[in-house]
Amino acid sequence: MLHGLLIIHKERGSTSHQVIARLRKILKQSRIGHTGTLDPEATGVLVVGLGEATRSFQFLEEHTKEYRAQIILGQVTDTQDATGKVLEEAPEMRISREEVDRAVTAFLGPVTQLPPMYSAVKVKGQKLYELARQGREIDRRSRTVTVFEWKVSHNGSSYGFKDSFFATITCSKGTYIRTLVHDLGKRLGCGAHLGELVRTRSGNFSLENALTLSQVEKAYQAGTLTDHLVSLTAALPQLPTLRPDAGDLAKLANGGKLSYQKYELPVGPDGLAKALDSSLRLVAILELKDTGARRYWQPVKVFQYQ
């Protein structure tokens, strides 16, 4: 069984679930999962875990995402992207690039979003998109996300009906780019919806290192896929490292605690560290515990490779 992270370049038309199903057939193993979905029409980075890596997702640094989005002006759709039904149009619109730049600044920093009806968010056990397909709209709870940066690539001095431009958007995990574009269109007064969308980065994982499914299949058949896997050790650079001796490694394998006095090192605000064996393979995620009387390392996740 393969263990590690695989950075997939998801292509248009496939759901994230379908990507995983295809990988299970290619790699002939069932323990495969992904860290965050992409809409079927979106492309780009999909972080996939193989084997024991599926148990590491909560510790990965994927809080920041980067997207390249096409923003189409003058039309509002029910899905907030180009796949939906047009609800409003502004055929006489004319917006200057300066107006776009000013409007974008309103969507920097903390931004409140209402999850779109065409999304996988669950309300009372039902996914919103399932309700939307039934023609139903229900109350949703707003959420606050953070937009760190917009880089707008203008292609003219002004824009008319159905004209578009691209923007590179850096934001926090959980941001709906469709909704961001929809709300920008409202602020501009002409409406807008999302066209093409590419996720170019998810945390430390970028599109430059991603493989399409066909490339994965070729590499697997050639016996070179392991060259493209990100080890769990490499995937967690933010965690300080412990190198337990053989006796303590055996103790960790059974969920045993380790002495902080023996393995003393500074930790971040989450109090976590990673323990590696002699081959630098991740064997456990540890949490520093402090009872007042003593401090020790408690394993919160132990990895078993087969």
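This text follows the structure it describes.
Structural notes, computed from the coordinates. (Residues numbered from 1 in each chain as written. Predicted model: local features only at pLDDT ≥ 70, side-chain atom pairs only at ≥ 80, totals over all residues. Heavy atoms only, no water.)

1. Here we look at the nonpolar core
Okay, step 1: By size, the foremost hydrophobic cluster in this structure holds 31 residues, and its most contacted members are I71, L73, W150, I169, I177, L184 and L188.
Okay, step 2: Counting residues per element, the ones that place at least two in this core are β4 (64-73), α2 (97-104), β11 (143-153), β13 (164-172), α4 (177-188) and β14 (192-202).
Okay, step 3: The element contributing the most residues to this core is α4, with 5 residues. (Core = buried A, V, L, I, M, F, W, Y, C linked by side-chain atoms within 4.5 Å. Buried < 20%, exposed > 50% of the residue type's maximum accessible area, 1.4 Å probe, protein only. Helix = DSSP H or I, 4+ residues; strand = E, 2+ residues; numbered from the N terminus.)

2. Here's the deal with helix α1 (residues 16-27)
Okay, step 1: Compared with the 16 Å implied by 1.5 Å per residue over 12 residues, the 16 Å span of α1 between its first and last C-alpha is a close match.
Okay, step 2: Check the buried side of α1 and you find it contacts β1 (4-10), β2 (32-34), β3 (43-50) and α5 (213-222). (Expected span 1.5 Å × (residues − 1). Contact = heavy atoms within 4.5 Å.)

3. Quick word on the pairing of β11
Okay, step 1: Where strand β8 (residues 109-113) lies against β11, 5 bridges are found, and the strand directions are antiparallel. Bridge assignment links G109 to a residue of β11, and that residue is V147.
Okay, step 2: In this structure, β11 lies alongside β13, joined through 6 bridges in antiparallel fashion. The residue bridging V147 from the neighbouring strand is C171, located in β13. (Pairing = 2+ DSSP bridges.)

4. Focus: unusual backbone geometry
Okay, step 1: A positive phi angle, near 55°, is found at K28, a position not held by glycine.
Okay, step 2: Looking at where K28 falls in the secondary structure, it is placed in the loop between α1 and β2.
Okay, step 3: What makes K28 exposed here is its relative accessible area of 67%.
Okay, step 4: At Q80, a position not held by glycine, the phi torsion is positive, near 70°.
Okay, step 5: Since its relative accessible area comes to 11%, Q80 is described here as buried.

5. Quick word on the side chain of K301
Okay, step 1: Among the structural elements, K301 can be located in strand β20 (residues 295-302).
Okay, step 2: Among buried Asp, Glu, Lys and Arg side chains, K301 stands out as unpaired, with E52 the closest opposite charge at 8.8 Å.
Okay, step 3: The contact partners of K301, leaving out residues within four places of it in the chain, are R55, Q58, F59, V283, A284 and I285. (Lys, Arg positive; Asp, Glu negative; His and termini not counted. Salt bridge = Lys/Arg side-chain N within 4 Å of Asp/Glu carboxyl O.)

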